[in-house]
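Working through the structure, step by step
Spelled out, the chains give:
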Amino acid sequence: MTDLSALSPAPAGARDAVLKFYFGPMDCGKSTLALQMNYNHARQGRRGLVLTKHDRSGGPRVTSRIGLGRDAIEVEDDLDLVALVTSHDERIDYLICDEACFYTVGQIEQLADLVDEHGVDVYAFGLASDFRSVMFPAAQRLFELADEVCRLQVEVLCWCGRPGLLNARVVGGKMVRTGEQVVIGDTADAPVRYQVLCRRHHRAGQLGEGSGSESGSAA
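Residues numbered from 1 in each chain as written. Predicted model: local features only at pLDDT ≥ 70, side-chain atom pairs only at ≥ 80, totals over all residues. Heavy atoms only, no water.

1. Some remarks on the confidence of the model for the protein chain
Here the protein chain averages 85 in pLDDT, while 85% of its residues score no lower than 70. pLDDT under 50 marks residues 10-14. Its contacts with residues more than four places away, or in other chains, come to one contact. Contacts of residues 212-219 to residues separated by more than four positions or lying in other chains number 21 contacts, the stretch itself having pLDDT below 50. (pLDDT = per-residue confidence, 0-100. Contact = heavy atoms within 4.5 Å.)

Take a look at the structure:
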C-alpha cells in the first residue's frame, strides 16, 4: 500500500466533486467572482456551463457592477438541470450558478445530484436573505446541502459606516417590508431599488439622510 503524506500528490481520479455556495449582500462581488472562477476553470481546459436567473441586465447574462459580463443560460422554473448537463455530447466538468437564491428548491436538489451522481463541480452564488431578512428557500437548501458555504469578504458598508449585511427594498423613497419575495430592481433611481444596510438600520427602517427614515408599506 502506498504511503501518502500531506506533501504527496493526490492520486489520479481521487478528487470528489463539490457543491460550494458563496453568499453575501449586494455589491460584495458575487457575480464578479463567478465570472473569475469560470475563467480560471476554462483556462485549464475544463468544460463548464454558466447559469443565471433574474440577472440585473434583464437578459440571459451574468453581469457584475464593475462592468464584467458574459452570456449565460437562463434558469427557468421548469428547467431540469440534470437533463441540461447530461444531454451534452461532451462531458461537463463544472457549473457556475449565479443568482442561485432564485432557483427552485428542486433545482438545488438537482445540483446536489449532479455533484454526487455525475461528478460535476457546482459553484453557486447568491443572496442568503430577501428584503425582509427572511432566507430564500433555495438559499436555505444550499446551506443545508453544500459541502462548503463561504461568506464573501469584500467589504460592503451601510450608509452609517457599519458592515452592510441586509438588503432593503425601497419604493418611493421608503423602505418596505411587504410584497412579493422577488421583485427585480437595482440601486439606480427606479420605482423599486435596493440598498444595503447594517442590521441596526435595517431593523429601524432608516435609509440615511435625504432618503426617508421610516418604514413604509408596499406601493
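So that's the structure; there's more coming.
2. Section: the pattern of salt bridges
Throughout the structure, instances matching the rule amount to eight salt bridges. Lys20 is the salt-bridge partner of Glu148, the closest N and O atoms lying 3.5 Å from each other. Within this pair, whereas Glu148 is found in strand β8 (residues 148-151), its partner Lys20 is found in strand β1 (residues 19-23), the two being separated by 128 residues in sequence. Ionic pairing is found between Arg141 and Glu144, a salt bridge with its closest N-O pair at 2.7 Å. Within this pair, Arg141 and its partner Glu144 are both found in helix α4 (residues 137-145), separated by three residues, close to a single helical turn. Arg141 sits in the partly exposed class, given a relative accessible area of 24%. When its relative accessible area of 46% is taken as the criterion, Glu144 is described as partly exposed. (Salt bridge = Lys/Arg side-chain N within 4 Å of Asp/Glu carboxyl O. Helix = DSSP H or I, 4+ residues; strand = E, 2+ residues; numbered from the N terminus. Buried < 20%, exposed > 50% of the residue type's maximum accessible area, 1.4 Å probe, protein only.)

3. Quick notes on the layout of surface pockets
Its volume calculated, the largest pocket comes out at about 490 Å³. Lining the largest pocket are 28 residues, and of these Met26, Arg56, Arg65, Glu99 and Leu127 lie nearest its centre. Considering each element in turn, the lining of the largest pocket owes the most residues, three residues, to helix α1 (residues 30-43). Here the residues of the lining of the largest pocket sort into eleven nonpolar, nine polar and eight charged. (1 Å grid on protein atoms, 1.4 Å probe; cavity = no way out; pocket = protein on both sides within 12 Å on 5 of 7 lines; lining within 4 Å. Points joined across faces, edges and corners; volume = space filled by probe spheres on them. Nonpolar A, V, L, I, M, F, W, Y, C, P; charged D, E, K, R; others polar.)

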